[in-house]
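Coordinate inspection notes
What follows is each chain in one-letter form.
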Amino acid sequence: MITSTRAKRNQNMDVEKVFRMTGGTGDNSYAKNSSYQKKVSDMVKHITMDALQQVYLALAPKSLGIADLGCSSGSNSLSIIKDIVESVEAASCKIMIPAPEFRVYLNDLPTNDFNSIFKSLPDFYRDLNKERSGGLPLLFIAGYPGSFYGRLFPNDCLHFVHSSYSLHWLSKVPPSLYDKQGKPINRGSVHISASSPPLVSQAYYAQFQEDFSLFLRSRSEELTAGGRMVLIMLGRIGPDHVDRGNSFYWELLSRSLTILATQILLNFCRGRLKGKT
Ligand SMILES: C[S@@+](CC[C@H](N)C(=O)[O-])C[C@H]1O[C@@H](n2cnc3c(N)ncnc32)[C@H](O)[C@@H]1O
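No experiment lies behind these values; they were computed from the predicted model shown. (Residues numbered from 1 in each chain as written. Predicted model: local features only at pLDDT ≥ 70, side-chain atom pairs only at ≥ 80, totals over all residues. Heavy atoms only, no water.)

**Notes on the domain arrangement of the protein chain**
Put simply, the test is: What fixes the domain bounds is an automatic or database domain assignment. Working rule for contacts: check all heavy atoms of both residues, and any pair within 4.5 Å makes them a contact. Definition used for salt bridges: Asp or Glu carboxyl oxygen within 4 Å of a side-chain nitrogen of Lys or Arg. What qualifies as a polar contact is a pair of N or O atoms within 3.5 Å, subject to a donor-acceptor requirement within protein and to the restriction that residues adjacent in sequence count only when both atoms come from side chains.
Each assigned domain of the protein chain is listed with its residue range as follows: domain 1 (2–245) and domain 2 (247–277). The centre of domain 1, based on its C-alpha atoms, is set 34 Å off from the matching centre of domain 2. Listed as interface residues are eight residues of domain 1 and, on the opposing side, six residues of domain 2. Linking domain 1 to domain 2 there are zero salt bridges. Here domain 1 and domain 2 share two residue pairs in polar contact (both at pLDDT 80 or more) between them.

Below, the structure is given as structure tokens:
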């Protein structure tokens, strides 16, 4: 009965309100601990810029709508926006038309530390202005809180969507990770491990399919015809769900959480025993 209640609570847990990166600029903040994500995005920057230039050269809009979905609060998002602006400016110079105005929408879940991004904007503009003879580009940056698993923007208002290292976050704990009695079927693990039954990977797969379909349906309304998306997310090379480069880290996390939960449970039981004597 307890397990079943807990399972229901987990399934109903409002991921949008609970999960977020650590805000601010302290030692444990996402801002100070996201160089790996920056490296990942840099690795495929040529693909991002190619796709962007193709959209821009084909449509040459006067007002270019760009969204970064799952922007978080470090410098990674503004860094890619800077590259995007400079790349479009270079393209417009080449075809000898004035650069467009840029509408930039930075999206993340409502609990994200958007204030940190806003506070860094003056430095960002100063940086962008460096080594420029002309004036600053017409750049309008806005925070856009909400889940990308659903509609975020009005119809046809975006030309380019960028999302890096965010789309492997599911919208919720997959319901089929629990059996009919509400017991977790992936006991002892918080990930798809070597000991997980096949139903576990099927549960995650089904949730990903549902979420990603919703993501694509929503973006298909918001992107203008001819618009493009660059989506960077975790994946695996082979068919085996367990054979992933970073499963080692999940294993460590899983064990640490199990030890922590056991200690909490032990302290709780000790407290109850003391209360009874
Ligand atoms: C690892 S961070 C990546 C941040 C940034 N793109 C980067 O490359 O550094 C993943 C971000 O995705 C956000 N996220 C997860 N699910 C989301 C959703 N459904 N809608 C919007 N943002 C989401 C998280 O809040 C988090 O800030």
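**Examining the pattern of salt bridges**
Convention followed: Under the scheme used here, helices are H or I runs from DSSP no shorter than 4 residues and strands are E runs no shorter than 2 residues, and both carry numbers assigned from the N terminus. Between buried and exposed lies partly exposed: a residue is buried under 20% and exposed over 50% of the maximum accessible area for its type, with that area taken using a 1.4 Å probe on protein chains only.
As enumerated under the stated definition, the model contains nine salt bridges in all. The closest approach of N and O atoms between K45 and D83, which form a salt bridge, is 3.1 Å. Note that K45 is positioned in helix α4 (residues 45–59) and D83 in helix α5 (residues 76–94), a separation of 38 residues in sequence. Notably, a salt bridge pairs E222 with R151, separated by 3.2 Å at the nearest N-O pair. Within this pair, whereas E222 is found in helix α7 (residues 198–222), its partner R151 is found in the loop between β3 (139–145) and β4 (158–164), the two being separated by 71 residues in sequence. On the basis of relative accessible area, E222 is assigned to the buried category, the value being 0%. Judged by its relative accessible area of 42%, R151 falls in the partly exposed class. A network of salt bridges, in which partner residues are shared, links K38, D42, K45 and D83.

**Here we look at the site of the ligand**
Note the threshold: Whether a residue is near a molecule or strand depends on its heavy atoms: if one lies within 4 Å, it is near. In these tables, accessible area is a Shrake-Rupley quantity obtained with a 1.4 Å probe, and a residue counts as shielded only by the protein chains included in the view. Amino acids are sorted into nonpolar (Ala, Val, Leu, Ile, Met, Phe, Trp, Tyr, Cys and Pro), charged (Asp, Glu, Lys and Arg) and polar (every other residue, Gly among them).
Inspection of the region around the ligand gives 18 residues, with Y30, G70, N76, D108 and S164 positioned closest. S72 places a polar side-chain atom, nitrogen or oxygen, 3.3 Å from an oxygen atom of the ligand. A distance of 2.9 Å is found between a nitrogen atom of the ligand and a backbone nitrogen or oxygen belonging to F148. Starting from 600 Å² of accessible surface for the ligand in isolation, the protein chains cover 96%. The class makeup of the residues in the shell around the ligand is eight nonpolar, nine polar and one charged.

**Quick notes on the environment of S116**
Relative to the assigned elements, S116 resides in helix α6 (residues 114–129). Look at S116 and you get buried, because its relative accessible area is 16%. Each C-alpha atom, one on S116 and one on T258, is 33 Å from the other, the two residues being 142 residues apart in sequence. Contacts of S116, omitting those with residues within four sequence positions, involve G24 and S73.

**Here we look at the packing of α4 against α5**
Inclusion rule: Fitted lines through C-alpha atoms serve as axes, helices being fitted only where they are in contact, and the angles separating the N-to-C directions of these axes extend from 0 to 180 degrees. If an angle is under 35 degrees, it is roughly parallel; if it is over 145, roughly antiparallel; if it lies from 65 to 115, roughly perpendicular; otherwise it is oblique. Here a crossing is called left-handed whenever its near helix is offset anticlockwise from the far helix by less than a right angle, and right-handed whenever the offset is clockwise.
One can describe the packing of α4 onto α5 by two numbers: an axis separation of 10 Å at closest approach and a directional angle of 45 degrees. In terms of orientation, α4 and α5 fall into the oblique class. Handedness of the α4/α5 crossing: right-handed. Residues K45, M49, L52, Q53, Y56 and L57 of α4 form the contact with α5, whose participating residues are I80, D83, I84, S87, V88, A91 and S92. Split into classes, the residues belonging to the contact of α4 with α5 amount to eight nonpolar, three polar and two charged.

**Some details on the side chain of S77**
On the secondary structure map, S77 appears in helix α5. By relative accessible area, which is 4% here, S77 ends up buried. Excluding residues that lie within four positions of it along the chain, S77 makes contacts with D68, C71 and L106.

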